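Architecture and fold: a report
If you want the building blocks of each chain, they are given just below.
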Amino acid sequence: MNVVLFCHSLRSDWNHGNAHFLRGVVTELLERAHTVTVYEPRDAWSAANLVAERGERALDDYRSVYPTLDSVDYDLVTLDLDRALDGADLVIVHEWNDHELVRRVGAHRASTAGYRLLFHDTHHRSVTRREEMDAYDLTHYDGVLAFGEVIRDLYLVEGWAERAWTWHEAADARVFRPLGGRPREGDLVWVGNWGDDERTQEIAEFLVEPVRALGLRARVHGVRYPEEARRTLAGAGIEYAGWLPNYEAPEAFARFAVTVHVPRRPYVRALPGIPTIRVFEALACGIPLVSAPWDDAEGLFTPGADFLVARDGAEMRRHLATLVNEPDAALELAARGRATVLERHTCAHRVDELLDICAELGVDGPRAVETTPSDISFLVPHAVGADASGARSEGTRSHPDHEPRPT
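Everything numeric in this text was worked out from a predicted model, so none of it was measured.

1. So, the overall build of the chain
Of the regular secondary structure elements, the chain holds 14 helices and 13 strands. In the chain, buried positions account for 58% of the 407 residues. Of the roughly 15900 Å² that the chain leaves accessible, carbon and sulfur atoms contribute 47%.

Structure follows, in structure tokens:
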């Protein structure tokens, strides 16, 4: 197929978690001999912040890990959609795009029968701020790819789309894998952005206080931490290390004993079944994980076997103490979590699901040859075949433009 993707940025993952998944999906499509052209706005908020913090060269650093990826900068005023979409079979417009772009691509689809058009939603606003959905004109879109069932169902019930499919994020198993032989630099590492007030209390209860109480050597990576938050981390003996390129997370995980998942409040209260991509990536790297409470309503994992769940700060302390002090228990948990990701939640699986959706829409593309990992041990990276069960099917009908993204 000839695929065209409009996203906020492929080059920058600075406070832009969607770049993680999209890089993996585009890489997988390219490996299967599809053609993929990625367009990103010249004034992308994430890229501008990355340049301001690390300089222009930082925009090209990701190519050392993703050498086959590239993107085309565009200005919305001068963007020629006839040229950009010429010969396309499938066009995907991610939700973090200017509303005018979303509308214009839909209008182009209305006058062109040559491709299928999908809207990709990976944000909680459809649940938490439904009135903002009115800004999106999806009239001429062929369907919606939603990163959770609760989002998919809303599109159908509210009449925002005629067709919608659940398309969860996943880990790029080529990049997110265990790395052996690294020296131990501490006990706990957490990779996550501050999140404004969406998880301030949760960070204190499930990260800061357990680290302080146990005397763990801990490091936090992320951006947009206010000075008060940095002081809180320092007061608990936690090293704040700033932004970490997402593709360097496997190196960080390899140097620590355990990590945690502290979901933002909207995901806990309104989006059951959506863990965010950090869980997939950490488990793929073979690091034991303890999660603050969230409801795995869609059965993506087996809580208690793939990762541990702490119902409160006291239970978080107990779980962390066990994993730091009992290597066999940590190894067993990490191996099980990684195995589940390799069996069900890689970008290869998601591309299989996407191709099934395309076939349903009348656009066909070859699936991957099925392979079964012969060994899914803790330290050895593996290739993963296309043995996923497929995306959740459609129903019978089947954020502000520059808002920081949750990761």
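Here the narrative resumes, following the displayed structure.
2. As for the pairing of strand β9 (residues 218-221)
Side-chain alternation along β9 places A218 and V220 on one buried face and R219 and H221 on a second face that is also buried. Two strands pair when backbone bridges link them, and strand β8 (residues 188-191) and β9 are joined in this way by four bridges, in the parallel orientation. Its bridge partner being in β9, W190 is matched across the sheet by V220. At this point the chain moves from β8, through helix α7 (residues 200-214), to the parallel β9, and the crossover so formed is right-handed. Where β9 meets strand β10 (residues 238-240), three bridges bridge the pair, whose relative direction is parallel. When the sheet's bridge partners are listed, R219 is paired in β10 with E239. In this fold, β9 hands off to helix α8 (residues 227-235), which returns the chain to β10; that crossover is right-handed.

3. Regarding the sheet that holds strand β13 (residues 308-309)
Spatial ordering of the open sheet is given by β11-β12-β13, a layout of three strands whose pairing is parallel. Because the sheet does not close on itself, it has two edges, and the strands there are β11 (259-261) and β13. Examined bridge by bridge, β11 and strand β12 (residues 289-291) share three bridges and lie parallel to one another. Bridged to T259 within β12 is L289. Those strands touched by helix α12 (residues 313-325) are β11, β12 and β13, and its axis lies near 175° from that of β12.

4. A look at the pairing of strand β5 (residues 116-121)
In summary, the side chains of a regular strand alternate between the two faces of the sheet. Within β5, five of the six residues are buried, which leaves the element mostly enclosed by the surrounding structure. In the sheet, strand β4 (residues 90-94) pairs with β5 via five bridges, with the strands oriented parallel. Within the sheet, the bridge partner assigned to V93 lies in β5 and is F119. In this fold, β4 hands off to helix α4 (residues 99-110), which returns the chain to β5; that crossover is right-handed. Examined bridge by bridge, β5 and strand β6 (residues 143-146) share four bridges and lie parallel to one another. Counted as the bridge partner of F119 is V144 from β6.

5. Let's talk about the packing of α7 against α12
Contact geometry of α7 with α12 gives a least axis separation of 9 Å together with a crossing angle of 55°. On the basis of their axis angle, the class for α7 and α12 is oblique. For the element pair α7 and α12, the recorded crossing hand is right-handed. Along its contact with α7, which presents E205, F206, P210, A213 and L214, the element α12 presents G313, M316, R317, L320 and A321. When its residues are assigned to classes, the contact of α7 with α12 shows seven nonpolar, one polar and two charged.

Conventions adopted
Residue positions are given per chain, counted from 1 along the sequence in the order it is written. Two thresholds apply to this predicted model, a pLDDT of at least 70 for residue-level local features and 80 or more for giving and counting side-chain atom pairs, whereas whole-chain, interface and lining totals are computed over all residues. Side-chain metrics in this entry use all non-hydrogen atoms of the structure; hydrogen atoms and water are not considered. Elements are defined by DSSP. Helices are runs of H or I of four residues or more, strands are runs of E of two residues or more, and each kind is numbered from the N terminus. Working definition: with a 1.4 Å probe on protein chains only, accessible area under 20% of the residue-type maximum means buried, over 50% means exposed, and in between means partly exposed. For the accessible areas, the method is Shrake-Rupley and the probe is 1.4 Å, while residue cover comes only from the protein chains on display. At least two DSSP bridges between two strands are needed for those strands to be called paired. When the strands point away from the viewer and the path from the first strand over the helix to the second turns clockwise, the crossover is right-handed. In what follows, a contact means two residues having at least one pair of non-hydrogen atoms within 4.5 Å. Lines fitted to the C-alpha atoms define the axes, with helices restricted to the stretch that makes contact. Angles between their N-to-C directions range from 0 to 180 degrees. Put simply, angles under 35 degrees are roughly parallel, angles over 145 are roughly antiparallel, angles from 65 to 115 are roughly perpendicular, and the rest are oblique. Helix crossings get a hand from a simple test, with the near helix turned counterclockwise from the far one by less than a right angle marking a left-handed crossing and a clockwise turn marking a right-handed one. Only Asp, Glu, Lys and Arg are considered charged, only Ala, Val, Leu, Ile, Met, Phe, Trp, Tyr, Cys and Pro nonpolar, and every remaining residue, Gly among them, polar.

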